[in-house]
Amino acid sequence: MNKIKSIIVAGLGITIGLMSCDSGEIRRSPGHIYAPDMTYSRAYDAYTSNPNFADSQTSRLPVTGTIARGHMMPDHLKEGDTTAYKTYTTSLRFNADEMKEGGRLFNIYCAICHGPNLDGQGPLFSSGKFASMPANFKDAKYTHMPVGQMYAAVKYGKNMMGSYASQLDSRQRWMVIAYIKKVQSENGGDAFIFGEGAAPAAPKADTTAKPAMTMVAALPAPSATIPVMAAVPVAKPAATKSKPAAKHNSHGNSMESN
Ligand code: HEC
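Keep in mind the model is a prediction, meaning the values are calculated, not measured. Along each chain, residues carry numbers from 1 onward, in the same order as the chain's sequence is written. Local features are withheld for residues below a pLDDT of 70 in this predicted model, meaning they are given only at 70 or higher, and side-chain atom pairs are given and counted only at 80 or more; totals for whole chains, interfaces and linings count all residues.

J.: Would you mind showing me how to read the overall build of the protein here?
T.: The secondary structure listing takes helices from DSSP runs of H or I that are at least 4 residues long and strands from runs of E that are at least 2 residues long, numbered from the N terminus. When its secondary structure is counted, the protein shows 13 helices and zero strands. Order of helices (α) and strands (β) in the protein, N terminus to C terminus: α-α-α-α-α-α-α-α-α-α-α-α-α. Looking at the protein as a whole, 21% of its 258 residues qualify as buried. Note on contacts: residues are paired as contacts if their backbone-placed C-beta atoms lie within 7 Å. Contacts spanning at least 24 positions in sequence make up 58% of the contacts within the protein whose residues lie at least 6 apart. The burial label depends on the number of other C-beta atoms within 10 Å of a residue's C-beta. Counts of 20 or more mean buried, 12 or fewer mean exposed, and intermediate counts mean partly exposed, with C-beta atoms placed from the backbone.

In structure tokens:
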């Protein structure tokens, strides 16, 4: 008898318990909050509206003309201007690690079509799932292709190939192209020019190197007590002409020079 009683009591308890879980209404209030200013941010969250700006957006665009630290100057190419593509180049030069990184990026983004051996036989194409033959970088048609044209293909896409501009920043695009050019140079292509220590390309490099130098010169005099400043190579006016920014390019804090 006692046993039956306790089973009934337990059953009732469970039923009431379950019923109270689902009261049929949707609860919108979280109840008591232990630390409200952690639950409700005092700062404006990204993507929320904001009465402080005319466009009501909290997320702001970078100030016009600014470049994020570690990023390169804009390339000023215009989509479709194929003449400009062909002469566009870079003074970036890459060390062995950066070349390896170029190969890694190629294998992530390009090899699926262009093939890990750069012969256009990537798995997407050879499986028949992608109808358009990707460029065979070992073919004479591509071994002498101007680097700027390759850069444009990555930035804007080419026919069936989509743009990789959002996946690869300018420097990464050049790393990938350097990797392709390296393999091509070993397969009858032009001499490899992206190696560290190679002469920087194009005397044109100076034109964008100058604003960089002016910026540096405009900073307060370097002081040994501020390590960041000490690390900035301050150009002497005499050195400006003969030394383009190639050296600090290779360290990534990069001013594109062309
Ligand atoms: C989805 C497949 C696909 C992927 C991924 C792909 N490509 Fe292509 N790519 C193509 C095809 C197809 C062509 C041939 C376009 C044409 O000439 O019609 C091509 C052409 C090119 C060309 C020659 C452009 C020219 O002007 O003829 C270059 C350079 C190139 N790709 C580089 C790359 C690089 C670098 C990557 C990786 C960042 C990449 N591609 C990723 C499919 C792809």
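Picking up where we left off.
J.: Would you mind showing me how to read the site of the ligand here?
T.: The full set close to the ligand counts 20 residues, and Cys-110, Cys-113, Ala-153, Asn-159 and Met-161 are the nearest of them. Elements represented by at least two residues in the shell around the ligand include exactly helix H5 (111–114) and helix H8 (147–156). It is H8 that provides the largest number of residues to the shell around the ligand, a total of four residues. Classification used: nonpolar for Ala, Val, Leu, Ile, Met, Phe, Trp, Tyr, Cys and Pro, charged for Asp, Glu, Lys and Arg, polar for all others including Gly. Along the lines of polarity and charge, the residues of the shell around the ligand split into 15 nonpolar, four polar and one charged. Should the C-beta atom of a residue, placed from the backbone, lie within 6 Å of a molecule or strand, that residue is near it.

J.: I tried to follow the confidence of the model for the protein on my own but got confused; where do I start?
T.: Should the pLDDT be low somewhere, the predicted coordinates at that spot are not to be read in detail. The predictor rates its confidence in each residue with pLDDT, a number between 0 and 100. Mean pLDDT for the protein: 79, with 71% of residues reaching 70 or above. In the predicted structure, residues 202–232 sits below a pLDDT of 50 and forms 35 contacts with residues beyond four places in sequence or in another chain. A low-confidence stretch, residues 234–258 stays under pLDDT 50, and its non-local contacts, those more than four residues away or across chains, total 61 contacts.

J.: Explain the nonpolar core to me, please; I cannot follow it from the model alone.
T.: The nonpolar side chains of a soluble globular protein tend to be buried, and buried together. In terms of nonpolar packing, the biggest core is built from 25 residues, with Met-150, Tyr-151, Val-176, Ile-177, Ala-178 and Ile-180 touching the most fellow members. Those elements giving two or more residues to this core turn out to be H8 and helix H9 (170–185). Element by element, the count of residues in this core is highest for H9, at seven residues. When residues no more than four places from it in sequence are discounted, the contact partners of Tyr-151 are Tyr-88, Arg-173 and Ile-177. Think of a nonpolar core as buried Ala, Val, Leu, Ile, Met, Phe, Trp, Tyr and Cys residues, each tied to the set through C-beta atoms within 7 Å.

J.: What is the right way to read the environment of Arg-60 from this model?
T.: Relative to the helices and strands, Arg-60 is located in the loop between helix H2 (36–39) and helix H3 (82–87). Taking the number of C-beta atoms within 10 Å as the measure of exposure, Arg-60 has 10 and is therefore exposed. When the C-alpha atoms of Arg-60 and Ala-46 are compared, they prove to be 9.1 Å apart, with 14 residues separating the residues in sequence.

J.: Honestly, helix H4 (residues 96–109) in this entry has me stumped. Any pointers?
T.: Since there are 3.6 residues in each turn of an α-helix, residues three or four apart along the chain are aligned in direction. With 14 residues, H4 extends 20 Å from end C-alpha to end C-alpha; this agrees with the ideal 20 Å at 1.5 Å per step. Among the residues of H4, those classed as buried are Glu-98, Gly-102 and Phe-106. Mapping the buried residues of H4 onto a view down its axis gives an arc of 90°, with all of them on the same face. Exposed residues lying more than 90 degrees from the buried face of H4 are Ala-96, Asp-97 and Ile-108. Against the buried residues of H4 lie H5 and H9. What a helix should span is 1.5 Å times the count of its residues minus one. Note: the arc covers the axis-to-C-beta directions of the helix.

J.: For this particular structure, what's the right way to read unusual backbone geometry?
T.: Peptide bonds are, in most cases, trans, and in most cases residues other than glycine have a negative phi. Backbone geometry places His-76, a non-glycine residue, at a positive phi of 60°. For His-76, the position within the fold is in the loop between H2 and H3. Of note, the phi angle at Leu-118 is positive, near 65°, even though the residue is not glycine. Within the secondary structure, Leu-118 is located in the loop between H5 and helix H6 (123–126). For Leu-118, a count of 23 C-beta atoms within 10 Å gives the class buried.

J.: How do you make sense of the environment of Asp-119 when you look at a structure like this?
T.: Mapped onto the elements of the fold, Asp-119 is located in the loop between H5 and H6. It is 4.4 Å that separates the C-alpha atoms of Asp-119 and Asn-136, two residues lying 17 residues apart in sequence. When residues no more than four places from it in sequence are discounted, the contact partners of Asp-119 are Asn-136 and Lys-138.

J.: Help me out: how do you make sense of the packing of H4 against H9 in this one?
T.: Axes, fitted as lines to C-alpha atoms, cover a helix only where it is in contact. Angles between the N-to-C directions of the axes lie from 0 to 180 degrees. Direction vectors running N to C along H4 and H9 enclose 95°, while the axes themselves pass 8 Å from each other. In terms of their interaxial angle, H4 and H9 are classed as roughly perpendicular. Contacts from Glu-98, Met-99, Glu-101, Gly-102, Gly-103, Leu-105 and Phe-106 of H4 reach H9 at Gln-172, Met-175, Val-176, Ala-178, Tyr-179, Ile-180 and Lys-182. Among the residues forming the contact of H4 with H9, the class breakdown is eight nonpolar, three polar and three charged. Any angle that falls under 35 degrees is termed roughly parallel, while one over 145 is termed roughly antiparallel, one within 65 to 115 roughly perpendicular, and all others oblique.

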